[in-house]
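A look at the structure
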Amino acid sequence: MVNTAATAAEGLEMFSRPSVRTLLDEVRESLRVNEGAFELVSPDALRAGGIDRLVRAAVFGDDEDTRDTARWLILRAGHAVGIAPASIHDLYTARGRGDVGGFTVPAINVRAASFETGRALFRAARELRVGALICEIARSEIGYTDQRPAEYVSVMIASAIKEGWSGPLFVQGDHFQVNAKKYKADAEAELRAVKDIIREGLHAGFYNIDIDTSTLVDLDKDGLDAQQELNYRLSAELTAYVRKHEPAGITVSIGGEIGEVGTENSTPEELRAYMDGYNRELARVAETAGRPVAGLSKISVQSGTTHGGTVLPDGSIADVAIDFETLRTLSEIARREYGMSGAVQHGASTLPQSAFGNFPTVETAEIHLATNFQNLLYDAIPGELRERMYEHTRKSFPEERKPTDTEEQFIYKARKKAIGAFKRELWDLPEADRERIRAVLYEQFTFLFRQLRVEGTMDAVARHVALPEIHRTSPADMRMKAAEDDWDLSD
């Protein structure tokens, strides 16, 4: 239990510290704090400049007190203008009932230049009235991009405030994945690591979590149930863990996965083996707990893609023969037989532009998009910075180079790991460079929103998802010990 009185007292003390007083003075035209009570003075002043000062303090503040205060102020300011971290669970269960449909929710992995990327994202979302939208970051990305969950949530809220977007903000822990090698070496330690990042994510506002234990599927076993047994059993265990720690009044949207991306395409039989086993395990957990335990809202499948695409020797991406009929069939089974929103497609951002309109046609519930935004960013930044990031990649991550890799293949696959080391330089680019980055990303986001048919989905979200209350009474409530970073997981 959190000692509310203690954290409130600590929060009041934090407001009196010199660095925090300086921050509050700098944003006094936007907001104020009187005796610990938050007041939004001017939404216009907040968007015009106050939020820029707050988000920089939330990421690069000189001390923990300043960062925590800035993050708390962003959270409260967001709620004051109609933005708060939320779960997409109720929208997805409505889709499972057939109440909504015809669109595919984009889940956007924001890796680098996060405030500029977020601004481009929410500008496009505001103009097209997109409410069915997820911002996400994978367990591995948290490490190599140097973005802990609390920071990530703050930057996404700040981006939305800056661009005048409002509504429930769906922030997702993508691929909260069990590493097969680490699990084999020490199962208890690896499960604890996943639970730790779940707790950290929930505390920060990750009310959507993709549990990925598909790495433990064993195709050498006899029969689908045996092959999926460890996958569905640990998925149920981690589901129960999320339910135990989710905030009061919020049912976190949880996704499962039946086949690791980049392997053989999933089948209806595999889906049923996983879900039937998962539901048995969840029923057992619920009986032990003496209360119902809500299950999954979606299921990730494999239909022909790989994360980041298949890189050819010249650094270009190979064409992908994605099986849209697999997505159609598995989405239908997921809705009709299990009440979920449908199937989820990973590793899709590098597909041909002509492919994206097919996803809503076959009623794919959600699509994960990451690498191509990184590609666009690398193309848009100044050449001198790009080359320094490439040189850092060569020196720091030589183990990423396979003996058969060309230079282009190696750089394409490994350059994501340079992002964290250059995070501040990307944030500090001149405004002309940042404006160019925003323009390139805005154009791509606008295209994707239209292709995925999420234009105008603010109304559907408003009907099914309420804006949650904020229970953080002071900056001290924002604080939580970070889970350990993981740099060697696929994303």
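Preceding block: the structure.
Starting afresh in each chain, residues are numbered from 1 along the sequence in its written order. Local features in this predicted model are restricted to residues whose pLDDT is 70 or higher, and side-chain atom pairs enter the listing and the counts only when it is 80 or higher, whereas totals over whole chains, interfaces and linings include all residues. Working from all heavy atoms in the structure, the side-chain values ignore hydrogens and water.

The subject of this paragraph is the overall build of the protein chain. Under the DSSP-based scheme used, a helix requires at least four consecutive residues in state H or I and a strand at least two consecutive residues in state E, with every element numbered from the N terminus. Assigned secondary structure in the protein chain consists of 20 helices and 11 strands. The C-alpha atoms of the protein chain give 22 Å as radius of gyration, which agrees with the globular expectation for 491 residues (23 Å, within 12%). Dimensions of the protein chain, computed from C-alpha atoms along their principal axes, come out at roughly 65 × 60 × 45 Å. Going through the 491 residues of the protein chain one by one, you find that 58% of them count as buried. In what follows, a contact means two residues having at least one pair of non-hydrogen atoms within 4.5 Å. Sequence separation of 24 or more characterises 79% of the internal contacts of the protein chain that already satisfy a separation of 6 or more. Of the roughly 19,200 Å² of accessible surface on the protein chain, a fraction of 48% belongs to carbon and sulfur atoms. With C-alpha atoms as the basis for the radius of gyration, the globule rule is written as 2.2 Å multiplied by the number of residues raised to the power 0.38. Here the term buried applies to any residue with accessible area under 20% of the maximum for its type, exposed to any over 50%, and partly exposed to those in between, with areas from a 1.4 Å probe on protein chains only. We get accessible surface area from the Shrake-Rupley algorithm with a probe of 1.4 Å; when it comes to residues, only the shown protein chains can shield them.

Attention shifts here to the pattern of salt bridges. The salt bridge criterion pairs a side-chain nitrogen of Lys or Arg with a carboxyl oxygen of Asp or Glu, the two atoms within 4 Å. Going through the model one piece at a time under the given rule, you end up with 48 salt bridges. Linking arginine 53 and glutamate 26 is a salt bridge whose minimum nitrogen-to-oxygen distance equals 2.2 Å. Of this pair, arginine 53 sits in helix H3 (residues 43-60) while glutamate 26 sits in helix H2 (residues 18-26), and the two are 27 residues apart along the sequence. A residue is classified by how much of its surface remains accessible, and glutamate 26, at 44% relative accessible area, is partly exposed. As a salt-bridge pair, arginine 394 and glutamate 407 come within 2.6 Å of each other at their nearest N and O atoms. A residue pair is termed long-range when its members are at least 10 positions apart, and arginine 394 in helix H16 (residues 383-396) and glutamate 407 in helix H17 (residues 407-414) qualify at 13 residues. Assessed through its relative accessible area of 30%, glutamate 407 is described here as partly exposed. Residues joined in a network through salt bridges with shared partners are Glu13, Arg17, Glu64, Asp65, Asp68 and Arg479.

Unlike most non-glycine residues, glutamate 35 shows phi in positive territory, near 55°. Assessed through its relative accessible area of 76%, glutamate 35 is described here as exposed. Even without being a glycine, arginine 129 presents a positive backbone phi close to 55°. In this fold, arginine 129 is placed in the loop between helix H6 (114-128) and strand S5 (134-138).

This part takes up the packing of helix H12 (residues 268-289) against helix H13 (residues 324-338). Note on geometry: axes are C-alpha line fits, over the in-contact stretch for helices, and angles between N-to-C directions span 0 to 180 degrees. Interhelical geometry of H12 versus H13 gives an angle of 30° and a closest axis separation of 10 Å. Taken together, H12 and H13 sit at an angle that is classed as roughly parallel. The interaxial crossing formed by H12 with H13 has right-handed handedness. For the pair formed by H12 and H13, the contact residues are Pro268, Leu271, Arg272, Met275, Asp276 and Asn279 on the first element and Thr329, Leu330, Ile333, Ala334, Arg336, Glu337 and Tyr338 on the second. Side-chain classes are defined by residue name, with Ala, Val, Leu, Ile, Met, Phe, Trp, Tyr, Cys and Pro counting as nonpolar, Asp, Glu, Lys and Arg as charged, and the others, Gly among them, as polar. Here the residues of the contact of H12 with H13 are counted per class, giving seven nonpolar, two polar and four charged. Reported orientations rely on four angle classes, namely roughly parallel under 35 degrees, roughly antiparallel over 145, roughly perpendicular from 65 to 115, and oblique for the rest. Handedness of each helix crossing follows the sense of rotation of the near helix against the far helix: counterclockwise by less than a right angle gives left-handed, clockwise gives right-handed.

Right, let's talk about H16 for a bit. In this scheme, a helix's expected span is set at 1.5 Å multiplied by one less than its residue total. Counted at 1.5 Å a residue, the expected span for H16 with its 14 residues is 20 Å, and the 20 Å between its end C-alpha atoms agrees. Where H16 is concerned, the buried positions are Leu385, Met389, Tyr390 and Thr393. Taken end-on, H16 shows its buried residues confined to a sector of 140°, consistent with a single buried face. Along H16, exposed side chains directed more than 90 degrees from the buried face belong to Glu384 and Lys395. Residues of H16 that are buried sit in contact with helix H15 (371-380), H17 and helix H18 (423-427). The arc under discussion is defined with respect to the helix axis, by the directions toward the C-beta atoms.

It is the contact of H3 with helix H4 (residues 64-80), at a shortest axis distance of 7 Å, that shows an interaxial angle of 140°. By the angle class used here, H3 and H4 are oblique. Helix-helix and strand crossings are classified by hand; for H3 and H4 the assignment is left-handed. In this structure, H3 uses Leu46, Ile51, Leu54, Val55, Ala57, Ala58 and Val59 to contact H4, whose residues at the interface are Thr66, Arg67, Ala70, Arg71, Leu73, Ile74 and Ala77. Of the residues contributing to the contact of H3 with H4, the split by class is 11 nonpolar, one polar and two charged.

Right, let's get into the packing of aromatic side chains. Only centres within 6.5 Å qualify two rings of Phe, Tyr or Trp (six-membered ring in Trp) as a pair; their planes then separate them into stacked at under 30 degrees, edge-to-face at over 60, and tilted for everything else. In total, this model carries 14 aromatic pairs according to the counting rule given. Judged by centre distance (5.4 Å) and plane angle (90°), the rings of phenylalanine 60 and tryptophan 427 are edge-to-face. You can see phenylalanine 60 sitting in helix H3 and its partner tryptophan 427 sitting in helix H18, a full 367 residues away along the chain. For the pair phenylalanine 60 and tryptophan 427, a shared accessibility class is recorded, and that class is buried. Aromatic pair phenylalanine 373 and phenylalanine 445: ring centres 4.9 Å apart, planes at 45°, arrangement tilted. Highlighted residues: phenylalanine 373 in helix H15 and phenylalanine 445 in helix H19 (residues 431-451), separated in sequence by 72 residues. Each member of the pair, phenylalanine 373 as well as phenylalanine 445, carries the same accessibility label: buried. Grouping aromatic residues by their ring pairs yields a cluster made of Phe324, Phe356, Phe359 and Phe447. Placement of a charge over a ring requires the Lys NZ or Arg CZ to be within 6 Å of the ring centre, with the centre-to-atom vector within 35 degrees of the ring normal. When the ring centre of tyrosine 442 is taken as origin, the NZ or CZ atom of arginine 123, which lies over that ring, is 3.7 Å away. Note that arginine 401 overlies the ring of phenylalanine 410, its terminal NZ or CZ placed 4.1 Å from the centroid.

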